[in-house]
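# Residue-level structure breakdown
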Amino acid sequence: MRLIIRSDYDEVSEYIATYVKNRILEYNPTRERPFVLGLPTGSSPVGLYKCLVKFYRNNELSFKHVITFNMDEYVGLPRDHPESYHSFMWHHLFKHIDIAPDNVNILDGNAENLSEECVRFERKIKSVGGIELFIGGIGPDGHIAFNEPGSSLTSRTRVKTLAYDTILANSRFFDNDINKVPRMALTVGVGTVMEAREVAIIITGAHKAIALSKCIEEGVNHMWTVSAIQLHPKALIVCDEDATLELHVKTVKYFKSIEHVINNLIGAENVGLQGNVKKYPTPEATPEVTPEVTPEVTPICEAFYNLPFKR
Ligand SMILES: N[C@@H]1[C@@H](O)[C@H](O)[C@@H](COP(=O)(O)O)O[C@@H]1O
């Protein structure tokens, strides 16, 4: 797992957007071989979507051959309700870019048979070859999508009853009236997210600091469902300084040192292209530590352990 720390929300958004852009460009999608992207809602990805729209407008990125799958949707909220995740996604991203509406997949929380809708969604993901990159956010209780504490870490797309904490947290979108917040949602499972070939999670704000520490400093635990990404072969967390408040200083230094090493090897501008060894500047620079860094401290990282890092 990699942890990237940026000073604030805007820098986090810029980083993750550049990462997504580079991954799509590197993949070079075509109609026959589309790029399949998993997407979240909430306040965490708003800055990311703003940057992606900017890239599209600057002709730096096209979504013509991108297929998207959203993580979740409320049950029973009309599709055109301003707080439905359908509205959210069209408002913040889809209506501003060149994605084909048929390539957008969002669970239908008003389907007659909700369980069948979930099965259909999973089948659709499989039919397009699985998800290449799943972007996620988390709740302050460490839930990913709507996989509330105690959710099975092998869960698939299904109907979920929302935890009281989530209803409370999301009431800010419903005039701060918890009675207006839907009680149920359709959500991809932890297992669905884990099956993506790559997972990238956005975590910002001091209110998510405990969740971040549970996710990376403690064991895999169904009470903090995002911690399942410890088992993923290619996982990335992008967070701001505020979210690191509960981490050990040593943990923060460790992950910053890793990033420092990688940037020296491949150049910061190649963010998202890690793993592509031909991007390394010189054969001599071929890393002993591959960019898909594992948390073990290796000698090369130890050398950087005490470097002063700029904020
Ligand atoms: N179902 C969504 C999650 O997918 C999202 O990650 C979370 C965090 O939202 P925010 O980014 O606004 O903190 O909110 C909801 O619960």
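Reading the values: the criteria
Residues numbered from 1 in each chain as written. Predicted model: local features only at pLDDT ≥ 70, side-chain atom pairs only at ≥ 80, totals over all residues. Heavy atoms only, no water. UniProt positions renumbered as here; feature names shortened; annotations may be inferred. Salt bridge = Lys/Arg side-chain N within 4 Å of Asp/Glu carboxyl O. Helix = DSSP H or I, 4+ residues; strand = E, 2+ residues; numbered from the N terminus. Buried < 20%, exposed > 50% of the residue type's maximum accessible area, 1.4 Å probe, protein only. Phe/Tyr/Trp six-rings, centres within 6.5 Å; stacked < 30°, edge-to-face > 60°.

- An unreviewed UniProt entry lists the chain under the name Glucosamine-6-phosphate isomerase, from Funneliformis caledonium.
- Recorded in UniProt under Subunit (unreviewed entry), the annotation for the chain is "Homohexamer."
- We quote the UniProt Subcellular location (unreviewed entry) comment for the chain here in full: "Cytoplasm".

### Description of the pattern of salt bridges
- If you walk through the whole model with that rule in mind, you get 15 salt bridges.
- With a closest N to O distance of 3.4 Å, R23 and E132 form a salt bridge. On the criterion of sequence distance, the pair formed by R23 in helix α1 (residues 9–27) and E132 in the loop between α4 (114–127) and β6 (133–137) is long-range, its members being 109 residues apart.
- Among the residues examined, R23 registers a relative accessible area of 7% and is labelled buried.
- Residues E132 and R197 are paired through a salt bridge, measuring 2.8 Å at the closest nitrogen-oxygen approach. Separated by 65 residues along the polypeptide, E132 in the loop between α4 and β6 and R197 in the loop between α6 (190–194) and β9 (199–203) bring together distant segments of the chain.
- By relative accessible area, E132 is classed as buried at 11%.
- Residue classification places R197 among the partly exposed residues on the basis of a relative accessible area of 41%.
- The network of salt bridges with shared partners includes R23, E26, E132, R197, E198 and K234.

### So, the packing of aromatic side chains
- Across all of its chains, the model carries 10 aromatic pairs by this definition.
- Judged by centre distance (6.4 Å) and plane angle (65 degrees), the rings of Y49 and F88 are edge-to-face. Of this pair, Y49 sits in helix α2 (residues 46–57) while F88 sits in helix α3 (residues 85–92); the two residues are 39 residues apart in sequence, bridging distant segments of the chain.
- Judged by its relative accessible area of 0%, Y49 falls in the buried class.
- Here the aromatic rings of Y74 and F174 are separated by 5.7 Å at their centres, their planes lie at 80 degrees, and the arrangement is edge-to-face. Here F174 lies in the loop between α5 (164–170) and β8 (184–187) and Y74 lies in strand β4 (residues 72–74), a separation of 100 residues in the sequence.

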